[in-house]
Amino acid sequence: MVENFVPVLILFLLAAAFGLGTVAISSLLGPKRPTKVKQETYECGMVVDPPAYRPFHVKYYLIAMAFVVFDVEVVFLYPWAVKFKQLGLFGLVEMLVFIFILLVGYAYIWKKGVLEWE
Amino acid sequence: MDFQISDLSLLAPHMVVTGTALLVLLVEAFRPGKGRSDATYLSILGLLVAAGLTLKQFGAPASTGFAGMLIADGYAAFFNMVAYVVGILTLLVSDSYFRSEEYEHGEFHALMLMSLVGMMLMSGSNHLMLMFLALETMSISIYAMAGYMRTKEGTESSFKYFLLGGASSAFMLYGIALLYASCGTTSLTGMVEYFSTLPSLSDSPMALAGIALVAAGFCFKIAAFPFHVWTPDVYQGAPTSVTAFMATGVKAAAFAAFFRIFVVAFPIASGAWTSAFWVLAVATMTMGNFAALAQRDVKRMLAYSSIAHAGYLLIGMVTATSEAGTGMLFYLISYVFMNIGAFGIVIMLGKKGEDRTTLEDYAGVGFKKPLLGAALTIFMFSMAGIPPTAGFIGKFLIFKAAVHEGYIWLAVLGVLNSAASVYYYLRVLVYMYFRESESESGDVIRTSPLSILAAAISVIAILVLGIAPGYLVQIAEAATAAF
Amino acid sequence: MSESYILSILAFLPLAGAFLLLFMKSENVGLIRFWTLGVALANFVVSLPLLWLFDASNPGMQLQQKYAWISSLGISYHVGIDGISFWLVLLTTFLSVICIVSSWSVENKVREYMFFFLLLETGMIGALISLDVFLFYIFWEAMLIPMYFLIGVWGGKERIYAAVKFFIFTMVGSLLMLVAIMALYYININAGGDATFSILEWYKLPLAPSVQMIMFAAFALAFAIKVPMWPVHTWLPDAHTQAPTAGSVILAGVLLKMGTYGYLRFAMPLFPNAVEAATPFMMTLAVIGIIYGALVAMVQKDVKKLVAYSSVSHLGYVMLGIFALNPQGVVGGIYQSLNHGISTGALFLLVGVIYERRHTRMIEDFGGLSKSMPWYATVFMVVTMSSIGLPGLNGFVGEFLIMLGAYLASPVAAIFAASGVILAAGYMLWMYRRVFFGECDKEENQNLKDLTKLEWGYLLPMLVFVFWMGIYPGFFTAKMEPTVDAWLKQVDDKRIACSELVDENPIAMFFTEDVSPSE
């Protein structure tokens, strides 16, 4: 059974060798003429501005977290909707409980002012 | 997979506690205010209602629900009760603490209640996935609670606990995955069936590795050697009332799941894990006690002593009979009372922004504040296991079960450890009573009717359980009779 | 059977008194003192009817009372007394009164002091009357708590060290005994007995000699520390020297007797074959204790420390008598424990008297006291003589019986022990000479007040017993002899019954690790 994987191993080794080899050869053979512009951080060809190390507004994190929560809610809702009939009443009650808990959280963050961007 | 609407009735206490948490959160959002204890009263009320619902589970036959994931039996009911006691006592001791620190927010209550839901589910989980989710529900709330005060130490504590807790969860999850890979299920019932087909565990090294990793995850939560290194820093840095909550609630819930899973699902591997736990138990209590001997800070001393207590409880894991389970249940409930009680006194002796937890801060307090001193004395004697306190009965039951199974040397090492622990518990009393106070220690204490109530409940419980333990022993015996 | 409550009243009356004490204002020192004295006196009065309620001719347990306590474990509240514990109970109630009177001079934190004293009385009586091993253990350990505080709060300079040492020494021994108690509990069940901690049931349990040895070792260590026997005696001189006067009195008078009582009640009747095997060893330790205690007492500069080491020596006699295992020796041993309570208690009281006046106990600070305090010197002389064992005083009777018993059991031990008597005379009289005779050359000593009325009040009853027990010992021995005879027979019968037993399966499992859990 293990011998079935030998081709996979060979492929893996070849892939690794190709990747590493390319990098190694280009660093060995390629000419090196560093300039200020070349040494800057690569940012899709744009001019780097401003420095990356600066604080984000705390609101950003709050919004991001709220987004993740409701994003996951949808991930959960989708399969439930697909299997809605089979899950029946129990599924409905469960989902209502789930949505209710999130709703309370939503009311909480709303009232606490998380959603206001000022 | 058959889910029924009636399964929800098993979750009634959990839903009450969850509902209370949500309610507290909404009240906090819509009616924020300082100087009121609304959230505290509301939370206590919710826990009492849940306790009323749980009472009905005692004596009722065990029933499972949610496709066998959740089990409601006397054992789970007992640990739910422990969770309510932990919750109520923590709320009571927190009252004067957060009031004096001017940090009264309902979020604390909501987090704590959600953590309690996690604890309750842990003791009732009959499935490793549910157990893991419950564990995370409990832990994530506690990470937030540890850093709740946003002090430097609190943040450090929270962050350390989070990083190491995350690592341990990963261990446990990996263990569960390996168990799933070998058994094809993670339900306790299913795993037992699978193991019963195996002639011996050596036929499934993967399952053995899974069991070991799950054990490592639990050992982290109960702060057993060598997974204890986070304990002193986390316990010392966290707000004192959170420390009380972590030291008792997490330990009780983790032991509840630990004992159920290992005794129910892994008896086949008992030869392997009993000898491992034997070593862990001895190492844990010895390490905890000897490190505690060196502490000059009461809060840190209590942190190390909680490691030692985990060691005594591990003796129950080694023994792994229903008799040992009875001992562990009794020990845990006494531990809850004496530990939260002691932390409550530690809170009272501090003042705003200054915890005042060195031994010197306790000098002469015993005669300045006789009631407070007497309460702490009783807690210390109970922790040291000296009669007539609940701590003695708890140790007695655990050691007795170990002796019954022939672990005489384990019991001997256990009692020698408790003798060593007497030294540092007595040292607190030495400072409180035998030394004159040099500073203003104990002149001002922060109390409120609620925190005094917490101390009174703990003292009475310890003495009652120490003098007339019969009733609770019977309840604990009934709760563990199934194992 | 209303009189059977009497033992429970004795045990819990002080406890109730102690709790009522907490409701009194701590400034109200007079009330607190009289209240405590009232409680102690009441308890003494309650204990007096025992003199006629107790039937001396009945060797069994009397005045028993039994209730289920933790029924699922077979633990019960079971009390009773026999000839072994009878006088010790009375000694406890008597000495408690004396101690409270002698504590009149305590000025510091009187309420707490009296509280702990009454708690201690409950612990002591409770331990003496318990017939359930679990109950006994609770009282036995709980006794440590008040004594710990009495030494630690009201003691001398090194009180903290002494208190902690006292506590931990006793704790280590008793915890090992606890493991042995648990093992016995299961051995009893495995042997087909009920789940019980009743000592009377355990007496009937046949044990193989090899098992007895292990169990005896655990019990004997716990009691040896309490007695204290050489070489685990080192906590005693510290505790005695640092404790307040009344604490020393009760420590010497009753607490140490708990050790010898433990041997008589538990260690010896439960494990007679082990006792037989260990007798030479225990006797050797006892004799070493006698001679060592005496020699160390001789070089002490502190009078109280001298008395403390003399305690080690005296308790050596008690142990020697008990392990002689004949009627003379055992009766002598019990008698000597009572004597020691009276005479050493009185010595500590007398040392307390002089310490209050001079705030020193160093022999070199005194000299010629017989001139300034003639009555004090007289009383001191009587008590010294009683401690040495002068015929006509109490000490003689006990020592004589012990010597007789020891001689019958082991002449060599008796000869060595007799040298202890000579040494005792040496150190006591030498100390007496240096303190009371010679020139009264120190100015502070010349105008010392002689005994006050209060001091007479607590010394006189002690003197009465010094003479009474010396002149008419029959009154006391009559109550214990039937029990001791029955006790010896029981020990011997069990020894013979068990001698052929072999350690079979139920016990073998206790010392192997990888045993499968029982079904």
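Cut-offs applied
Residues numbered from 1 in each chain as written. Chains lettered and ligands numbered in written order. Predicted model: local features only at pLDDT ≥ 70, side-chain atom pairs only at ≥ 80, totals over all residues. Helix = DSSP H or I, 4+ residues; strand = E, 2+ residues; numbered from the N terminus. Rg over C-alpha atoms; globule rule 2.2 N^0.38 Å. Buried ≥ 20, exposed ≤ 12 C-beta atoms within 10 Å, placed from the backbone. Contact = placed C-beta atoms within 7 Å. pLDDT = per-residue confidence, 0-100. Nonpolar A, V, L, I, M, F, W, Y, C, P; charged D, E, K, R; others polar. Core = buried A, V, L, I, M, F, W, Y, C linked by C-beta atoms within 7 Å. Expected span 1.5 Å × (residues − 1). Bend = angle between axes of the 7 residues up to and from the residue. Axes fitted to C-alpha atoms, helices over the stretch in contact; angles between N-to-C directions. Parallel < 35°, antiparallel > 145°, perpendicular 65-115°, else oblique. Left-handed = near helix turned anticlockwise from the far one by under 90°.

K.L.:
Could you give me a rundown of the overall build of chain A, with the residues and numbers involved?
P.N.:
For chain A, the count of helices and strands is 4 helices and 0 strands. Relative to the compact-globule value of 13 Å for 118 residues, chain A shows a C-alpha radius of gyration of 26 Å, a clear excess of over 25%. Here the C-alpha coordinates of chain A stretch approximately 65 × 60 × 20 Å along the principal axes. Residue burial in chain A is summarised as follows: out of 118 residues, 0% are buried.

K.L.:
Before we move on, could you go through the overall build of chain C and cite the residues and values that matter?
P.N.:
Of regular secondary structure, chain C possesses 23 helices and 2 strands. Against the globule reference of 24 Å for 519 residues, chain C gives a C-alpha radius of gyration of 23 Å, in line with a compact fold. If one aligns the C-alpha atoms of chain C with their principal axes, the spans along those axes are about 80 × 55 × 45 Å. Sequence separation of 24 or more characterises 81% of the internal contacts of chain C that already satisfy a separation of 6 or more.

K.L.:
I'd love a proper account of the confidence of the model for chain A, names of residues and values included.
P.N.:
With 94% of its residues at a pLDDT of 70 or more, chain A has an overall mean of 85. When pLDDT is averaged over each helix and strand of chain A, the minimum, 78, is found for helix 2 (residues 36-39) of chain A and the maximum, 93, for helix 1 (residues 6-29) of chain A.

K.L.:
Before we move on, could you go through the interface of chain A and chain B and cite the residues and values that matter?
P.N.:
Contacts between chain A and chain B engage 9 residues on the former and 8 residues on the latter. Residues of the side of chain A that touches chain B, tallied by class, amount to 7 nonpolar, no polar and 2 charged.

K.L.:
Could you give an account of the arrangement of the chains, with specific residues and numbers?
P.N.:
Contacts are most numerous, across the 2 pairs of chains in contact, for chains B and C. Between chain A and chain C there is no contact; the minimum C-alpha to C-alpha separation amounts to 39 Å.

K.L.:
Account for the nonpolar core, naming residues and giving values.
P.N.:
Counting 407 residues, the largest nonpolar core has Val82(B), Ala253(B), Val318(B), Val179(C), Phe219(C) and Leu320(C) as the members making the most contacts within it. Among the elements that line this core, the one with the most residues is helix 8 (residues 159-190) of chain C, at 22 residues. Dropping the residues within four chain positions of it, Val318(B) is found in contact with Thr274(B), Phe277(B), Trp278(B), Ala281(B), Ala402(B), Tyr407(B) and Leu410(B).

K.L.:
Give me helix 22 (residues 474-498) of chain C: which residues, what numbers.
P.N.:
Residue and element names in this part refer to chain C. For helix 22, spanning 25 residues, the distance from its first C-alpha to its last is 35 Å, which sits close to the expected 36 Å at 1.5 Å a residue. The largest bend in helix 22 amounts to roughly 35° and is located at Met480, with the proline Pro482 lying one to four residues further along. Every buried residue of helix 22 is accounted for by Phe476, Thr477, Lys479, Met480, Thr483, Val484, Trp487, Val491 and Lys494. On the buried face of helix 22, the contacting elements are helix 4 (83-102), helix 12 (245-270), helix 13 (272-298), helix 15 (327-358) and helix 21 (453-471).

K.L.:
So what's going on with the packing of helix 17 (residues 408-434) of chain B against helix 7 (residues 144-154) of chain C? Residues and values would help.
P.N.:
In the contact formed by helix 17 of chain B and helix 7 of chain C, the axes pass within 10 Å of each other and the chain directions differ by 50°. In terms of axis orientation, helix 17 of chain B runs oblique to helix 7 of chain C. Judged by the twist between their axes, the crossing of helix 17 of chain B over helix 7 of chain C is right-handed. Contacts from Val430(B), Tyr433(B) and Phe434(B) in helix 17 of chain B reach Phe149(C), Gly152(C) and Val153(C) in helix 7 of chain C. Its residues placed into classes, the contact of helix 17 of chain B with helix 7 of chain C shows 5 nonpolar, 1 polar and no charged.

K.L.:
I'd like a description of unusual backbone geometry, backed by residues and values.
P.N.:
Following Pro387(B), the chain continues to Pro388(B) via a peptide bond in cis, the omega torsion being 0°. Residue Pro228(C) is reached from Val227(C) by a cis peptide bond, and omega for that bond is -10°. Note that Pro228(C) resides in the loop between helix 10 (209-226) and helix 11 (235-242). A positive phi angle, near 55°, is found at Phe66(B), a position not held by glycine. Within the fold, Phe66(B) resides in the loop between strand 1 (63-65) and strand 2 (70-72). Among the residues examined, Phe66(B) registers 20 C-beta atoms within 10 Å and is labelled buried.

K.L.:
Can you break down the interface of chain B and chain C residue by residue, with the values?
P.N.:
In many analyses, interface size is given as the accessible surface area lost on bringing the parts together. Listed per partner, the contact involves 29 residues of chain B and 33 residues of chain C. The dominant element in the side of chain B that touches chain C, judged by the number of residues it contributes, is helix 17 of chain B, at 12 residues. Of the residues belonging to the side of chain B that touches chain C, the class tally is 20 nonpolar, 6 polar and 3 charged.

K.L.:
Can you explain the environment of Gly253(C)? Please cite residues and give values.
P.N.:
Residue and element names in this part refer to chain C. Residue placement: Gly253 occurs in helix 12. You can call Gly253 buried: it has 29 C-beta atoms within 10 Å. Each C-alpha atom, one on Gly253 and one on Ser311, is 9.9 Å from the other, the two residues being 58 residues apart in sequence. Gly253 has contacts with Leu91, Leu95, Gly341 and Gly345, leaving out every residue within four places of it along the chain.

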